[in-house]
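# Results of the structural survey
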Amino acid sequence: MKGILKGSSKRGLVIGLTLFALIGAVLVSTVVITTAQEEKAAAPATAAIPPKATPEDLEAGKAVYFRKCVWCHGPEGAGDGPGADRLWPRPRNFNQGTFKIRHTASGELPLLDDLFQTVTHGLPGSAMPAWDGILSEKQRRQVVEFVRTELVKDRDFTDAETETYTPINFGKQVPSSEESIARGKEVFMNKGKCVECHGPEARGDGNATQKDEWDFPIRPADLHKCWNFRGNRGDPYNPANIFREVSTGLNGTPMPSFADVLSEEQRWDVANFVISLCPKKQIDPLTMKPNNDFVVRSKFAEGDLPTDPDDPKWQEMAPNYVGLGGQITHKPRNFVRLVDDAWVRSLYNDKEIAYLIEWDDRNKSVATPEALAMAATFEETPPEGKPIAEREYPVFNDAAAIQFPTKWETLNAPEKPRFMFGDAKNGVDIWKWSADGSVKMLNGSGWDQELVPHGSGEVTTPYVQHKDGQWRVIFKRPLVTDDKEKAVQFTTGQYIPTLFFVWDGHNGDTGRKTSLSSWYYTILMPPIPTKAYVYPLFAAAFVIGLQFWVTSKVKNGKKK
């Protein structure tokens, strides 16, 4: 019996150990499988490797490329086409496969749809136009196939061994709110350190010494101009564009990916903050810029005109957006303007008129006497030589000017003087302020004629300030002057042609090398008399009283 029990105990022990081992193995396997599944779930999803392009698409895309794209990007896609040296930013060099606007992780190639969207919408703020409406969708996709197959030489979009495509995860979007914008500003100023490049007011004035992967100078974006963001895809106020670029970084530039530094919520907060900086304007679908407000409505102000731009009288007015183009008709021409818009307000009283002009300029430029001496003989840089992105100019004075036809009353619409300093038939009156503190009243009679000073002290600039990448200048002058032959005269209710100039001294702007608007109009809005507000109240009170009296009479009549 004892031997039987002893033998049974051994068998039980063996069976027990075997069961324990099996259960342990099952548990270990389960843990391993679960961990693997969790890791797989946590890993970012990757997109499929794109297929090779078909010979037919390559041939068709090549034809499109050599008809439309080669002029900037060059025959080998090296960003060295005939027009490249005239452009800033430079056209993209495709050879290394470095693309800024993507939905993929930092360092990865873009998705094919990223390239298609770039061709479709262009890159605002650069010379790359939107090809939608010019090329069919099929042609745009074919040229993408040609570029990624034949012109990207250092990488292979279809090589599964070397390439991965990891689309960013947008997560749950944080709606824009005061709280989100405040959190985004905090990240911008501190954890993200965005301020170091984009500047304290985010006007792109933080670091002026940056270069791209090809050693060309580049500048941080002015975040107050969302319509100039390269990757806005025709939707400039969409914070998802900012979230994408903060997450992916911009390959080939100093802008890194913040996907591993900031949480999804923080990236959405930064996106909401950046979009909050951009003035809300209706966007022209053709130019993808704010619509120009061609009439500057000068508002009547009681008392003295304010000389502080933060005065409520100025701030109660909506500023006019004034688009500026480079002067490229007469030498020296401005092929690369660095100031592309300004914001204008105007007030007047019974004696004076004032204009407040604000524009973004990353550098305050004040010319030295040596540079001013060079300005008199400044000539256009010939096309040959250094690319325009690398050229250095003497630092001239930043400046701004307002131009009016001297005799606007005699013009028959739509006749106006030539935009550049008038012409022999129709002279112009120019008010010009320069960063060295000078204010001049000038008469122009043609682009090739010397500007002639006139008057003295009638135009003043009671407020001038450059701060955090922005100029703010107030011009002021009496409505009427004694010299009616040389100086514009203002009357209420009339459309007075008006044109604006801005010079960026660090861009070598001086004389005819300038940014300028087309002709706008100033109208002094007639003041609204007090009786215009009082009479309607009296009329309303009279009608209500009359109605009450008639109703009472009718009721009394029925009672009788």
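Keep in mind that what you see is a predicted model, and the values were worked out from it rather than measured.

So, on to the packing of aromatic side chains. Counted by the stated rule, this structure contains 25 aromatic pairs. Taking 4.4 Å as the distance between ring centres and 20° as the angle between the ring planes, the aromatic pair formed by F243 and W268 counts as stacked. One end of the pair, F243, is in helix α7 (residues 239–248); the other, W268, is in helix α8 (residues 264–277), with 25 residues separating them in the sequence. As far as burial versus exposure is concerned, F243 and W268 are alike and both buried. Consider the rings of Y321 and W343, whose centres lie 5.2 Å apart with planes at 70°: the pair is edge-to-face. Here Y321, found in strand β2 (residues 320–323), pairs with W343, found in strand β4 (residues 341–348); they are 22 residues apart in sequence, far enough to count as distant.

A separate point is the pattern of salt bridges. One pass over the structure, following the stated rule, counts 23 salt bridges. K153 is the partner of E76 in a salt bridge, and the nearest nitrogen-oxygen pair spans 3.2 Å. Of this pair, E76 sits in the loop between α2 (55–73) and α3 (112–121) while K153 sits in the loop between α4 (137–151) and α5 (178–189), and the two are 77 residues apart along the sequence. Classification of E76 as partly exposed rests on a relative accessible area of 44%. The partly exposed category is assigned to K153, whose relative accessible area is 43%. Among the salt bridges present, the one from D310 reaches R472, with a minimum N-O distance of 3.2 Å. Taken as a pair, D310 in the loop between β1 (295–300) and α9 (312–315) and R472 in strand β11 (residues 470–478) lie far apart in primary sequence, 162 residues in all. Classification of R472 as buried rests on a relative accessible area of 11%. What emerges from the salt-bridge pattern is a single network uniting K225, K289, D340 and D341.

A few words now on the environment of K138. Within the secondary structure, K138 sits in helix α4. For the pair K138 and D57, spaced 81 residues apart in sequence, the C-alpha to C-alpha distance is 9.1 Å.

On to the side chain of H73. By the element assignment, H73 lies in helix α2. Only 3.0 Å separates the side chain of H73 from the backbone oxygen of R92, close enough to count as a polar contact. Leaving out residues up to four positions away in the same chain, H73 has contacts with Y65, A78, G79, D80, G81, P91, R92, F94 and M128.

Another aspect to go through is the nonpolar core. Counting 31 residues, the largest nonpolar core has Y355, W359, W431, F475, F490 and F500 as the members making the most contacts within it. A total of four residues in this core trace back to one element, the largest contributor, which is strand β5 (residues 352–360). Aside from chain neighbours lying at most four places away, what touches W359 is V339, D341, A342, A399, A400, W433, G469, Q470, W471, V473 and V502. Within the second largest apolar cluster, 29 residues are counted, among which are F188, L223, I242 and F258.

In the predicted model, the protein chain carries a mean pLDDT of 89, and 87% of its residues have values of at least 70. Under a pLDDT of 50 for its full length, residues 1–8 has, in the predicted model, zero contacts with residues more than four places off or in other chains. In the model, residues 26–41 has pLDDT below 50 throughout and makes zero contacts with residues more than four positions away in sequence or in other chains.

Across the eight residues of β4, eight count as buried, placing the element largely inside the fold. Here β4 shows no split at all, with D341, W343, R345 and L347 on one side and A342, V344, S346 and Y348 on the other all buried. As judged from the two bridges shared by β1 and β4, these two strands associate in the parallel manner. Residue K299 lies in a different strand from β4, and its bridge partner there is L347. As defined by bridge partners, β2 adjoins β4 across four bridges and the pair is classed as antiparallel. Note that in β4 the partner of N320 across the bridge is V344. Pairing of β4 with β5, which is carried by six bridges, proceeds in the antiparallel orientation. Looking at the pairing, V344 lines up with I357 of β5.

Quick notes on the rules
Residues numbered from 1 in each chain as written. Predicted model: local features only at pLDDT ≥ 70, side-chain atom pairs only at ≥ 80, totals over all residues. Heavy atoms only, no water. Phe/Tyr/Trp six-rings, centres within 6.5 Å; stacked < 30°, edge-to-face > 60°. Helix = DSSP H or I, 4+ residues; strand = E, 2+ residues; numbered from the N terminus. Buried < 20%, exposed > 50% of the residue type's maximum accessible area, 1.4 Å probe, protein only. Salt bridge = Lys/Arg side-chain N within 4 Å of Asp/Glu carboxyl O. Polar contact = N/O pair within 3.5 Å; in protein donor to acceptor, adjacent residues only side chain to side chain. Contact = heavy atoms within 4.5 Å. Core = buried A, V, L, I, M, F, W, Y, C linked by side-chain atoms within 4.5 Å. pLDDT = per-residue confidence, 0-100. Pairing = 2+ DSSP bridges.

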